[in-house]
4 protein chains.
Amino acid sequence: MRAARLHEYTDDMTQGLSIDEIEKPQVTRSDGVVVAVEGAGWCQTDNHIIEGMWEQYVPQPLPMTLGHENAGTVIETGEEVGLVEEGDQVICHPVQTCGTCRPCRQGETMYCENDAFNGLTTDGGFADELLTSERAVIPLPDGVDPADIAPHADAGITAYHAAKKAVDGLNPGDAAVVIGIGGLGHIGLQCLNEMSAADLVAVDIKESARQLADDLGAHYTIDPQSEDVADVVSDITDGVGAAQVLDFVGADETTALAPDICAAGGDHHIIGYGGHIHEPAQALVNGEFAFQGNIVGRYAELQELVALVEREAVDLHTTRYDLDAVNEVAEKLEHGEIDGRAVITP
Amino acid sequence: MRAARLHEYTDDMTQGLSIDEIEKPQVTRSDGVVVAVEGAGWCQTDNHIIEGMWEQYVPQPLPMTLGHENAGTVIETGEEVGLVEEGDQVICHPVQTCGTCRPCRQGETMYCENDAFNGLTTDGGFADELLTSERAVIPLPDGVDPADIAPHADAGITAYHAAKKAVDGLNPGDAAVVIGIGGLGHIGLQCLNEMSAADLVAVDIKESARQLADDLGAHYTIDPQSEDVADVVSDITDGVGAAQVLDFVGADETTALAPDICAAGGDHHIIGYGGHIHEPAQALVNGEFAFQGNIVGRYAELQELVALVEREAVDLHTTRYDLDAVNEVAEKLEHGEIDGRAVITP
Amino acid sequence: MRAARLHEYTDDMTQGLSIDEIEKPQVTRSDGVVVAVEGAGWCQTDNHIIEGMWEQYVPQPLPMTLGHENAGTVIETGEEVGLVEEGDQVICHPVQTCGTCRPCRQGETMYCENDAFNGLTTDGGFADELLTSERAVIPLPDGVDPADIAPHADAGITAYHAAKKAVDGLNPGDAAVVIGIGGLGHIGLQCLNEMSAADLVAVDIKESARQLADDLGAHYTIDPQSEDVADVVSDITDGVGAAQVLDFVGADETTALAPDICAAGGDHHIIGYGGHIHEPAQALVNGEFAFQGNIVGRYAELQELVALVEREAVDLHTTRYDLDAVNEVAEKLEHGEIDGRAVITP
Amino acid sequence: MRAARLHEYTDDMTQGLSIDEIEKPQVTRSDGVVVAVEGAGWCQTDNHIIEGMWEQYVPQPLPMTLGHENAGTVIETGEEVGLVEEGDQVICHPVQTCGTCRPCRQGETMYCENDAFNGLTTDGGFADELLTSERAVIPLPDGVDPADIAPHADAGITAYHAAKKAVDGLNPGDAAVVIGIGGLGHIGLQCLNEMSAADLVAVDIKESARQLADDLGAHYTIDPQSEDVADVVSDITDGVGAAQVLDFVGADETTALAPDICAAGGDHHIIGYGGHIHEPAQALVNGEFAFQGNIVGRYAELQELVALVEREAVDLHTTRYDLDAVNEVAEKLEHGEIDGRAVITP
Ligand SMILES: [Zn+2]
Ligand SMILES: [Zn+2]
Ligand SMILES: [Zn+2]
Ligand SMILES: [Zn+2]
Ligand SMILES: [Zn+2]
Ligand SMILES: [Zn+2]
Ligand SMILES: [Zn+2]
Ligand SMILES: [Zn+2]
Ligand SMILES: [Zn+2]
Ligand SMILES: [Zn+2]
């Protein structure tokens, strides 16, 4: 079968992956599941993987097929699989978990001590077929196209995961600031809107992104290049600050906003990454806020997000590309030329 | 009456405060309460106030009487006060709150929008008498000496507040790391011990502090000068990390431990301050931990801490000094020569 | 001034209250507030008070002016009141709280140990003027008519309070069952809709109530007279049951549904009352559900509900009546002839 | 091998089970685990099963080997088992779970939709060997004797589970009432003591049980036959009531205490069963308390309880009996003649 594989790290996105002809994956365990991939979202993280940015954090055997946002149709199952059968359409949580370590037993599947991460530590879905496991697939509701929902497998649940945590701290009348209305941020904004009655404040330097936020239900938008974010948030909240901040950018300038825009007792959620946090400890003491890290959402959260998709509460803009366009997609993303989310359709 | 007052900021602790003869405070509101001070704890924060470190954060009208950890006997009450009467012994929460703003209504009294902070924004308790209000006093149980309990009014509740938050994230078998077993840390350690079944790991460079931790119930102690903290925590926790970290130091080196010692989903609580947090956003994403700021505990938490004191669950080592020894105390503290907590007894 | 007062308990609603000419209330404490009443909701509880059903629970000095759902304009304030001033429009939380007991300090104002309850333990708002206190009034947003919002002071916050608790247990894809789409239930349904992404299932014997539920966003409606509620809930939830049940009826038949419709780990919230709970302890053990009692919402929750009203998220149907129509209203309510909520406009 | 099996329901405990010679269990799935049973606690529930009290709640294929509180040594494992190997000592959670249903994915293993319950719905541990699965076993710490810890597999985690929930609602100074200091209650009391700083009030009609409570750290004991429980609780709590009540009896008389001993906002936990709850809905509304059902603790909670046992925080009194003494044990338990917990050692 065809697979888009990384052979060595490079900063040149025009030749990051090569389309190889490799053996089809085989089910070797009782809980194995092979999925014919119909959609595989391309993610900023894929660019980062190609650049080698994750090499220090996780084991990466090269060559490796990338692609962690996958959906498709089950074509083979291990002998003890009961959740799905051949022909079922599924979305694939990117993490294959063991089910027996303590985090798995607590439902904290992202902390699994024996996991494999599609397209990050094991072969992913930029290929005709993907080998995963029963504990990583979720059957799709009728009428949902795998290629449409695929990016929710990572972009979606990461945004949902942070939004769900934030909702716990949001009462009606409180404000939530969403920084960065891109691939993840525009999903997070919709999740907040659906699950809380907070006033939503969208911050983005791009006019089109602010317009999108407005369309998706933001109550206020701020252009940080022409407005002082802290001043506007203070005005909106009568000086109280935002009970929750979701930072989908994670740059030096956005994390630096925390002491000035977070309400006492609030959280500045770090979802995007790239920059640093640099604050005096006294600022956190004085304002009693937190910098809260956020990883990909757990399996049960992907079930919940699928339920949101089923009730049409979360719009996701996608554009489809053939498998052999992967490097073109990477290059376009590098230059901000991807409209919505790119989905590879092998 | 006599009062130890700050007239101008200085780095010279030998002459920070002067003992002035000033007018006794008068009750002017219906909820006013005047307390004859019998004990007023001296705090590192008092040194910082003298140095001017808080000038940028809060309004400070000088000259001002310092002292925010006060206890004594009620000698006058406003006409609508019902909670206490003349002759009652009380501990004074340092913050006088309005009772009508939204934070006050939510029980978040530390976020009161109309507060006055004894010895920080208004005259405090290094004086014969202190003017405070009904909403800031808590009657003492029988047999508790005001001079013994006074430091709990700030040092105690700050440690208790952080420990209480941490306890929410501690199951039996989890580890909690306490960094800095000083004035606050040794209280925090005892609170954790009383309210959780976590394995307690105390970190301090001083041998005497580690010995104290051991006496107070720590299950492990670490000397960060001769041991690698992250390695030891990893060994103790089978590689999982500490579910909760309470950082009573807040220096660059202690906040930098977070990514290496915090378990996934855990919190690194900032209580001490002085240094900075400096981390890549990616570290928080990858480990899904939080830097959680912690302010002084709220009024209801001081009630809870008084209940702990009443059941003799929290030891507090104090040494008493006369009012005219305030500068001597400040100077000694600056050089680490105060054993336990200094309490001024006007 | 005129006041509709209860002189003795009676089952005859046609002569429950008499319109008396009494002295205007005077501010006697520093925090007193007198409100010119512009709207006072009539509540099923008023009928119950007239019948003497609350005599055993609370002290009721007769004669007493009824009316606990009040809104209007401030016309006099005690000398230390800072939150409002003459001319401000306010909604009145029915409970005047002390602000100094431990529950008040925790924000649990409904558990105040020194409270007075308008129209239940002290004179209420079926009168030209109402004496209340600073801690019981909330300024209204511009453009909100006191007579429109008045019933939220009890009916609204009781429904909101239960809905807010329920929301903590509702993930997208979960079901919430709302039993009784009347005065409180139709508010609770809207609050659930605004603050969660749960599937909402409305149960009511009246076709018009089910229609209203449908209009307000219910995803399913059940007629318990022609359908088996447990069967339908089981079908909707694939046999899992409802994560949360809000029982605004509280009759024997509705509480008896709990073991059959509540999901494991769920709650059957008791808001309406009148009937009994009668279940074997084994049923609660086997299903691990709770019967959760719900009282009126606290002050901070009324602030949050006002924020929901301001964003037009909660519709409330009201019909206005003159003060001298109180007995007519009581009689009509007894016979189910009040459309929406009756508001007395003195 | 030998197995103590139930062939038909009976009220005659002298002949409830028969010792049969049956086939040894075989591993048939990849995750199967066979344990040589070294200890199997006998539980009141075993008597109830023999009486047929569970027939209506769960499927029970007869004949069936009873015994749900098991510990021993692994003697065979399925080919994909990684958590344990032959020779490992383990305690067996009574519920074998699927790991793929949504409750399992959330960590709510007691709500597994595809479970088997040792000795209740499938063969249990009153036998030489027990067939269970990888997801149901927990390796024992060094030095823990399986026969000593076995009853924790049900009695222990049920008490722990309820205590852990209660701890969330217990601040220092709050009171917790524990009703029934028997097999479960004396464990629950110790868990509360270890994990909270609440004042513990033990209620039991037996003097020896109250003495045990006293030894285990109860701050107060009440004899309900000579004292008015509500009066004493009111005295202890200054009229506030107990923040949490753990009812290990679940009789009509104990559930009836709730409105009189539960503080506003508190919970009356139902753990024991046998009687009914019978209360007016108005009582729950007025007091805003809950009747909270409690099932057996989940797998992760058994891990936590094992951690408590390892730190010697929970004493458990056991008496050992041979396998052929099962009916003698049942008969003795029926007459209250078992001292501590009976453990069958096949
Ligand atoms: Zn991604
Ligand atoms: Zn795992
Ligand atoms: Zn930096
Ligand atoms: Zn201090
Ligand atoms: Zn305030
Ligand atoms: Zn009402
Ligand atoms: Zn109060
Ligand atoms: Zn049992
Ligand atoms: Zn399951
Ligand atoms: Zn009954």
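The structure presented is a predicted model; accordingly, all values stated were derived computationally and were not measured.

Enquirer: Pulling in residues and values, what's your account of the UniProt feature "domain: Alcohol dehydrogenase-like C-terminal" (unreviewed entry) in chain A?
Expert: Following the UniProt record, the feature "domain: Alcohol dehydrogenase-like C-terminal" (unreviewed entry) maps to residues 183–310 of chain A here. Taken as a whole, residues 183–310 of chain A contains 43% helix and 25% strand, while its terminal C-alpha atoms sit 19 Å from one another.

Enquirer: How would you sum up the relation of the copies chain A and chain C? Please name residues and give values.
Expert: The operation relating chain A to chain C is a screw motion whose rotation component is 180 degrees, with 0.0 Å of axial translation and a residual RMSD of 0.0 Å. Interpreted geometrically, this transformation is the action of a two-fold axis. Taking C-alpha positions as reference, the residue of chain A nearest the rotation axis is M195(A), located at 2.5 Å. Most of the interface of chain A is mirrored in chain C, where 100% of its interface residues are also at the interface.

Enquirer: Lay out the interface of chain A and chain B with the relevant residues and their values.
Expert: Taken together, the contact pairs 40 residues of chain A with 40 residues of chain B. Between chain A and chain B, a total of about 3300 Å² is buried, with carbon and sulfur atoms accounting for 55% of that surface. Between the two partners, chain A and chain B, sit 2 salt bridges. Between E288(A) and K165(B) there is a salt bridge, with its nearest N and O atoms 3.2 Å apart. The interface formed by chain A and chain B holds 17 residue pairs in polar contact (both at pLDDT 80 or more) in total. Sorting the residues of the side of chain A that touches chain B by element identifies α2 (102–106), α4 (155–167), β15 (262–270), β16 (276–280), α10 (281–287) and β17 (290–293) of chain A as the ones contributing at least two each. Considering each element in turn, the side of chain A that touches chain B owes the most residues, 6 residues, to α10(A).

Enquirer: Account for the relation of the copies chain A and chain B, naming residues and giving values.
Expert: Note on the identical chains: chain A maps onto chain B by a rotation of 180 degrees and an axial translation of 0.0 Å, with an RMSD of 0.0 Å. When the interface residues of chain A are mapped onto chain B, 100% of them are again interface residues, pointing to one common binding face.

Enquirer: Now, about the coordination of the zinc ion (ligand 2): what can you tell me, with residues and values included?
Expert: Residue and element names in this part refer to chain A. Looking at the metal site, the zinc ion (ligand 2) is ligated by C98 (SG), C101 (SG), C104 (SG) and C112 (SG), spaced 2.3 to 2.4 Å from it. What the 4 donor atoms of the zinc ion (ligand 2) show is an angle range of 103 to 120 degrees at the metal, which sorts the shape as tetrahedral. When the donor residues of the zinc ion (ligand 2) are listed from N- to C-terminus, their spacing reads C-x2-C-x2-C-x7-C. With a gap of 14 residues between them, C98 in the loop between β7 (95–96) and α2 and C112 in the loop between α2 and β8 (116–117) connect regions that are remote in the sequence. Exposure remark for C98: the relative accessible area of 25% places this residue in the partly exposed category.

What counts and how
Throughout, a residue's number is its position along its own chain's written sequence, starting from 1. Written order determines the labels here, with chains lettered from A and ligands numbered from 1. Predicted model: local features are reported for residues with pLDDT of at least 70 only, side-chain atom pairs are reported and counted for 80 or more only, and whole-chain, interface and lining totals are derived from all residues. Water and hydrogen atoms were dropped before computing side-chain values, which therefore reflect all heavy atoms in the structure. UniProt positions are given in the numbering used here, feature names are shortened, and annotations may be inferred rather than shown by experiment. Numbering of helices and strands runs from the N terminus; a helix is a DSSP stretch of H or I covering at least four residues, while a strand is a stretch of E covering at least two. Superposition of the copies used a least-squares fit over C-alpha atoms from residues whose pLDDT is at least 70 in both. In this description, contact between two residues means that some pair of their heavy atoms is separated by no more than 4.5 Å. The term buried area refers to how much accessible surface (probe radius 1.4 Å) is lost by two components on association, counted for both of them together. We count a salt bridge whenever a side-chain nitrogen from Lys or Arg sits within 4 Å of a carboxyl oxygen from Asp or Glu. By the criterion applied in these results, polar contacts are pairs of N or O atoms within 3.5 Å in which, for protein atoms, one can donate a hydrogen and the other can accept it, and in which residues neighboring in sequence qualify only through two side-chain atoms. Metal sites are built from N, O and S donor atoms within 2.8 Å, or 3.2 Å for Na, K and Ca, and they leave out water, so they may look incomplete. Here a site with four donors is tetrahedral if all angles are between 85 and 135 degrees, and a site with four or six donors is square planar or octahedral if opposite donors are over 155 degrees apart and the other angles are between 65 and 115; anything else gets the irregular label. Each residue is assigned to one of three classes by its accessible area relative to the maximum for its type, calculated with a 1.4 Å probe on protein chains only: buried under 20%, partly exposed between the two thresholds, exposed over 50%.

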